[in-house]
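Close look at the chain arrangement
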Amino acid sequence: MAKKKKRRKFTKKQKKQLILELIILALATVGAITILVLLGKGVASVFSGKHEKKVVTEQPPLDVELLSINDYSRPGIALDEVKGIVIHYTANPGSTAIQNRNYFEGLKDSHETMASSHFVVGLDGEIVQCIPTAEISYASNDRNNDTISIECCHMDEDGKFETATYDSLVQLTAYLIGKFDLTTDDVIRHYDVTGKACPKYFVEHEDAWKQFLQDVNTYIDKHGEVVED
């Protein structure tokens, strides 16, 4: 008759140790499966050519006051494509968005110079659109053919924007980035095109410019919708 094998008895300490090891093993297994799933999704997205990103689709309120077609401010020439967004300041302390728009309109009669902008952001955050985004503006010199221009009003000579102006600029820039499939790497200052101190405050305060780009990215993260590109 075969002898019955004695069952091994575990002490309380050994039982606790065994349970702990089983828990660790289970967690490790779940973690490994999660990583494999994520890697699988990543590989699938690479092969499919699709990537997810956030895009701001809500257009900010616009006061559309398009300029007349003329040779001095709105030539009616189509943009080649949109490769960037250029930020400017009006260099006219205390002036409003509509006053700057009307100045551009008046150039068709005064022939004083050739100047304009797609948008002007006012002291109270109002946004006046002067030119359709499918056409060029006379704002950014060598980059007129492939950029959208935004002029910003300011109260003082230092060119610092009012909070309302700044907030609308962030919102408008975030929206245009999504509309034209850009990133904040494609947002530049007039200074970056010509070396002109425009927008003055962002040229003289590099940290403020970097903060602006960061604020645009934060706005996109907070208000953007996830899409596949």
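In this section: the packing of aromatic side chains. The tally for this structure, following the rule as stated, stands at 6 aromatic pairs. Ring geometry for Phe161 versus Phe202: centroids 5.5 Å apart, planes at 85 degrees, classification edge-to-face. Here the residue Phe161 occupies a position in the loop between β6 (147–152) and α3 (163–179), and Phe202 occupies one in helix α5 (residues 200–204), the gap between them amounting to 41 residues. What makes Phe161 buried here is its relative accessible area of 11%. Residue Phe202 is classed as buried on the basis of its relative accessible area of 4%. Among the aromatic residues, those joined into a cluster by ring pairs are Phe161, Tyr166, Phe202, Trp209 and Phe212.

Per the counting criterion, the structure on display carries 9 salt bridges. Between Lys53 and Asp181 there is a salt bridge, with its nearest N and O atoms 2.2 Å apart. In this pair, Lys53 sits in strand β1 (residues 52–55) while Asp181 sits in the loop between α3 and β7 (187–189), placing the two residues 128 residues apart along the sequence. Residue classification places Lys53 among the partly exposed positions, given a relative accessible area of 25%.

This part takes up the nonpolar core. Core analysis: the largest hydrophobic core is formed by 34 residues, its most contacted members being Ile87, Ile150, Phe202 and Phe212. Secondary-structure elements contributing two or more residues to this core are β3 (84–89), β4 (119–121), β6, α3, α5 and α6 (206–223). Of all the elements, α3 adds the most residues to this core, at 8 residues. The contacts of Ile87, once residues within four sequence positions are left out, are Ile150, Cys152, Leu169, Thr173, Val187, Ile188, Arg189, His190, Cys198, Pro199, Trp209 and Phe212. By size, the runner-up hydrophobic cluster in this structure holds 11 residues, among which are Val120, Leu123, Val128 and Ile131.

Let us look at unusual backbone geometry. Residue Pro199 is bonded to the preceding Cys198 through a cis peptide linkage, with omega at -5 degrees. With a phi close to 55 degrees, His111 is a non-glycine residue in the positive phi region. Structurally, His111 is set in the loop between α2 (97–110) and β4. Of note in this structure, Asp181 is not a glycine but carries a positive phi near 55 degrees.

Rules and cut-offs
Residues numbered from 1 in each chain as written. Predicted model: local features only at pLDDT ≥ 70, side-chain atom pairs only at ≥ 80, totals over all residues. Heavy atoms only, no water. Phe/Tyr/Trp six-rings, centres within 6.5 Å; stacked < 30°, edge-to-face > 60°. Helix = DSSP H or I, 4+ residues; strand = E, 2+ residues; numbered from the N terminus. Buried < 20%, exposed > 50% of the residue type's maximum accessible area, 1.4 Å probe, protein only. Salt bridge = Lys/Arg side-chain N within 4 Å of Asp/Glu carboxyl O. Core = buried A, V, L, I, M, F, W, Y, C linked by side-chain atoms within 4.5 Å. Contact = heavy atoms within 4.5 Å.

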